[in-house]
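Per-entry structural report
Now for the letters of each chain:
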Amino acid sequence: MAILTKPALRARILAARRALTEAERAAETRSLQTQTIELTAGAGTVGAYIPVGSEPGAARGAAPLLDVLTGVRILVPIARTGLPMHWAEYRAGELVAAPFGLREPPPPWLAPESIAEATVLLVPALAVDHDGNRLGRGAGFYDRALPLAAADARLVAVVRDDEVLDAIPAEPHDVPMTHALTPGRGLIRLGKDRE
């Protein structure tokens, strides 16, 4: 089967996500909450994001994947056009509206390099393949931010079960994910070291 272009893949995946029922979304979120707790236990600092829209784990006015985490410091991204991604410490109930339809903590913000403190990074994705190639929204924020992560950090794409694909078009600047986290299949090792 031919590999679809990135725009075609994005359109197909976004349509499938929008077609989910509220009950399906809620069940996936509960599963991802449990798995996120297990994945980040003892991590110290976790890089994460606040899911929005049809992203796995999204909930109107809340951050259910982050709100269940205890005992870890959580850094979330601050994205602005033309600037490197900065980070901020997440605190439940303190989010404000941000560009691109996102939510973020209010200032003060941390330098882009602060993401190197995270041992686990939960990364938004539309899909990921078995080699670790990630399909994002196409703005390139994570392509520029992830090279600043610690070399031994777990880079975990959060996707739905059917969004782990055989192949995704990759470009030289793409940073491969080490794992995928899915509601039904759990944590999946990606890349050349996968089992």
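Residues numbered from 1 in each chain as written. Predicted model: local features only at pLDDT ≥ 70, side-chain atom pairs only at ≥ 80, totals over all residues. Heavy atoms only, no water.

Counting 45 residues, the largest nonpolar core has Leu-66 and Leu-121 as the members making the most contacts within it. Of all the elements in the fold, those that place two or more residues in this core are α2 (22-40), α3 (64-67), β2 (73-78), β6 (120-124), α4 (141-145), β9 (154-158) and β11 (179-182). Each residue touching Leu-121, except ones within four places of it in the same chain, is listed here: Gly-47, Ile-115, Leu-146, Ala-149, Ala-153, Arg-154, Leu-155 and Val-156. Ranked by size, the runner-up nonpolar core spans eight residues in total, among them Ile-13, Leu-14, Leu-126 and Leu-165. (Core = buried A, V, L, I, M, F, W, Y, C linked by side-chain atoms within 4.5 Å. Buried < 20%, exposed > 50% of the residue type's maximum accessible area, 1.4 Å probe, protein only. Helix = DSSP H or I, 4+ residues; strand = E, 2+ residues; numbered from the N terminus. Contact = heavy atoms within 4.5 Å.)

Let us now look at unusual backbone geometry. Glycine aside, the phi torsion of most residues is negative, and most peptide linkages are trans. The omega torsion of the bond from Pro-107 to Pro-108 falls at 15 degrees, within 30 degrees of zero and hence cis. For Pro-108, the position within the fold is in the loop between β5 (103-104) and β6. The backbone of Phe-100 shows a phi angle near 65 degrees, a positive value even though the residue is not glycine. Here Phe-100 lies in the loop between β4 (96-97) and β5.

In this numbering, the UniProt entry assigns the feature "binding site: substrate" (unreviewed entry) to Ile-50 and Glu-55. None of the other annotated residues line the largest pocket; only Ile-50 and Glu-55 do. Within the secondary structure, Ile-50 sits in the loop between β1 (45-47) and α3. Positionally, Glu-55 belongs in the loop between β1 and α3. Once residues within four sequence positions are removed from consideration, Glu-55 is found in contact with Arg-17, Tyr-49, Ile-50, Pro-124 and Arg-137. In this structure the side chain of Glu-55 is engaged in a polar contact, spanning 2.8 Å, whose partner is the backbone nitrogen of Val-52. (UniProt positions renumbered as here; feature names shortened; annotations may be inferred. 1 Å grid on protein atoms, 1.4 Å probe; cavity = no way out; pocket = protein on both sides within 12 Å on 5 of 7 lines; lining within 4 Å. Polar contact = N/O pair within 3.5 Å; in protein donor to acceptor, adjacent residues only side chain to side chain.)

To continue, consider the packing of aromatic side chains. Describing an aromatic ring pair means giving the distance of the ring centres and the angle of the ring planes. Inspection of every chain in the model, using the stated rule, returns one aromatic pair. The lysine or arginine in question, Arg-144, covers the ring of Phe-141, its NZ or CZ lying 5.3 Å from the ring centre. (Phe/Tyr/Trp six-rings, centres within 6.5 Å; stacked < 30°, edge-to-face > 60°. Lys NZ or Arg CZ within 6 Å of the ring centre and 35° of its normal.)

This paragraph deals with the sheet that holds strand β8 (residues 134-135). For sheets, the rule is that strands pair by backbone hydrogen bonds, running either parallel or antiparallel. Taking strand neighbours across the sheet as the criterion, the three strands line up as β8-β7-β10 in an open arrangement whose pairing is mixed. With partners counted over all chains shown, the strands left at the sheet margins are β8 and β10 (164-165), one partner each. Across two bridges, strand β7 (residues 127-129) lies against β8 in antiparallel orientation. Pairing of Ala-127 across the sheet is with Leu-135, part of β8. (Pairing = 2+ DSSP bridges.)

A few words on the environment of Ile-115. Positionally, Ile-115 belongs in the loop between β5 and β6. Separated by 62 residues in the primary sequence, Ile-115 and Met-177 have C-alpha atoms spaced 15 Å apart. Setting aside residues up to four positions removed in sequence, Ile-115 forms contacts with Gly-47, Trp-87, Leu-121, Ala-145, Leu-148 and Ala-149.

In this structure, the largest pocket encloses a volume near 700 Å³. As for the largest pocket, its lining consists of 35 residues, of which Pro-124, Arg-134, Arg-137, Phe-141 and Tyr-142 are closest to the centre. Put simply, the parts of the chain that give the lining of the largest pocket at least two residues each are α1 (6-18), β2, β5, β8 and α4. Its residues assigned to classes, the lining of the largest pocket shows 19 nonpolar, six polar and 10 charged. Space inside the second largest pocket adds up to approximately 300 Å³. Considering the residues around the second largest pocket, the lining is formed by 19 residues, among which Arg-25, Gly-53, Ala-58, Ala-59 and Arg-60 are closest to the centre. (Points joined across faces, edges and corners; volume = space filled by probe spheres on them. Nonpolar A, V, L, I, M, F, W, Y, C, P; charged D, E, K, R; others polar.)

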